[in-house]
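Reading the structure
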Amino acid sequence: MHGRKRVKPSAEVEKLRKEKEVTKIKEYRNLVESYFQKKDKKEFDNDALALTTKILSQNPDFYSIWNFRRLILLNGLLKECSEEDKQQTLSTELVFLQELFQLNPKSYWIFNHRRWCLETMQNPDWDKELQLVGKFLELDARNFHAWDYRRYRKIWMNKKKKLIDKEFELVKAAFYTDPDDQSAWLYHWWLVAQGSIISTSQMNEESKESSNSLNQNLSINTSERIELLQREINVVRELLELEPDSKYCLQTLANLLSELKSNVKEDSKKIDDEIVTICDRLIKIDKFRTKRYEDLRSKKFKIERKIGILEIDIKINWPHLSENNDK
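What counts and how
- Residues numbered from 1 in each chain as written.
- Predicted model: local features only at pLDDT ≥ 70, side-chain atom pairs only at ≥ 80, totals over all residues.
- Heavy atoms only, no water.
- Phe/Tyr/Trp six-rings, centres within 6.5 Å; stacked < 30°, edge-to-face > 60°.
- Helix = DSSP H or I, 4+ residues; strand = E, 2+ residues; numbered from the N terminus.
- Buried < 20%, exposed > 50% of the residue type's maximum accessible area, 1.4 Å probe, protein only.
- Polar contact = N/O pair within 3.5 Å; in protein donor to acceptor, adjacent residues only side chain to side chain.
- pLDDT = per-residue confidence, 0-100.
- Contact = heavy atoms within 4.5 Å.
- Salt bridge = Lys/Arg side-chain N within 4 Å of Asp/Glu carboxyl O.

**Regarding the packing of aromatic side chains**
- Following the criterion strictly, the structure yields 14 aromatic pairs and no others.
- Ring geometry for Phe 111 and Phe 136: centres 5.9 Å apart, planes at 75 degrees, overall edge-to-face. Of this pair, Phe 111 sits in helix α5 (residues 108-120) while Phe 136 sits in helix α6 (residues 126-139), and the two are 25 residues apart along the sequence. Side by side, Phe 111 and Phe 136 carry an identical accessibility label, which is buried.
- Put simply, the rings of Tyr 35, Phe 36, Phe 44, Phe 62 and Phe 68 touch in pairs and so form one group of aromatic residues.

Printed below as a string of structure tokens:
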């Protein structure tokens, strides 16, 4: 179409378009009116389910329709049915949701209903969910809904180290592609916060049995934690050489260094000095959060001053402790 002059539609074509639009709006309003009637009467039948399907196919962000649809499923198709039938019904529901994603791949309500379906199913296919959300990110790496859904912990229960490391590679590629995309950094912070290098050999039998619990913590020992932090610090520093003014990169480095300091005894002052330097850079780059960085920087200075005062106090008032400490 490049180089072609845009032709204005004729009056007749425009008239037909408007008439079609008016008819469509009228049909939609009739559907919504029928929904309210069935909701008031608490009719949780197949007709009600079909009605919600028609409405959501036109407007997937009509959140109250999703609530009604779940009531229909719980009080209708899923009530007193076998686990096999329940699995089939919810699998069909997931297919319907995939179709709706084509209308709006960034809909809160579609993702929310998908979580509900998976939690209600006895045997959800979590690997398939990872593949699905991976396709979303291939289409749009800035889809924060997809990154948020990828953090959905049921998906990650009992995943092995090799698979988790692939997630770090995925998110690394994302923020190398666009270091200003907050969604990828949030996902990275979540991965680091969860531990992410899973030591399955350390999981006792009780934790394995409760692996389906949403509140289960991923197992990781201190040495693995330090290894993870040091590895990710190196990754962020490499990116920082290419993007010295990336606020998310600097924020991440400061967070990683702060936790590393809490896990190691050596180089404590060196780490604090680097965090202070990072805060100085962030104050210049990220004007809207100046006070936050000033507060963090002042805390580091206060800690350093307290340590210095304590050392002087020990040397003056308890010299024998200072001598023992030197030894």
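**Notes on the environment of Thr 177**
- Within the secondary structure layout, Thr 177 lies in helix α8 (residues 161-177).
- Residue class for Thr 177 comes out exposed when judged on its relative accessible area of 67%.
- Sequence separation between Thr 177 and Ala 141 is 36 residues; the distance between their C-alpha atoms is 8.9 Å.
- Of note is the side chain of Thr 177, whose polar atom sits 2.7 Å from the backbone oxygen of Ala 173.

**Points about the confidence of the model for the chain**
- On average, residues of the chain score 80 in pLDDT, and 78% of them are at 70 or above.
- Between the elements of the chain, mean pLDDT differs from a low of 37, seen in helix α10 (residues 205-209), to a high of 95, seen in helix α2 (residues 46-58).
- In this model, residues 305-327 is a region of pLDDT below 50 whose contacts with residues beyond four sequence positions or in other chains number five contacts.

**Description of the pattern of salt bridges**
- Applying the stated rule across the entire model yields 16 salt bridges.
- Residues Asp 45 and Lys 38 are paired through a salt bridge, measuring 3.9 Å at the closest nitrogen-oxygen approach.
- Residue classification places Asp 45 among the partly exposed positions, given a relative accessible area of 32%.
- A salt bridge links Asp 280 to Arg 297, with the shortest nitrogen-to-oxygen separation between them at 2.6 Å. Of this pair, Asp 280 sits in helix α13 (residues 268-285) while Arg 297 sits in helix α14 (residues 290-317), and the two are 17 residues apart along the sequence.
- Taking the relative accessible area as the measure of exposure, Asp 280 reaches 29% and is therefore partly exposed.

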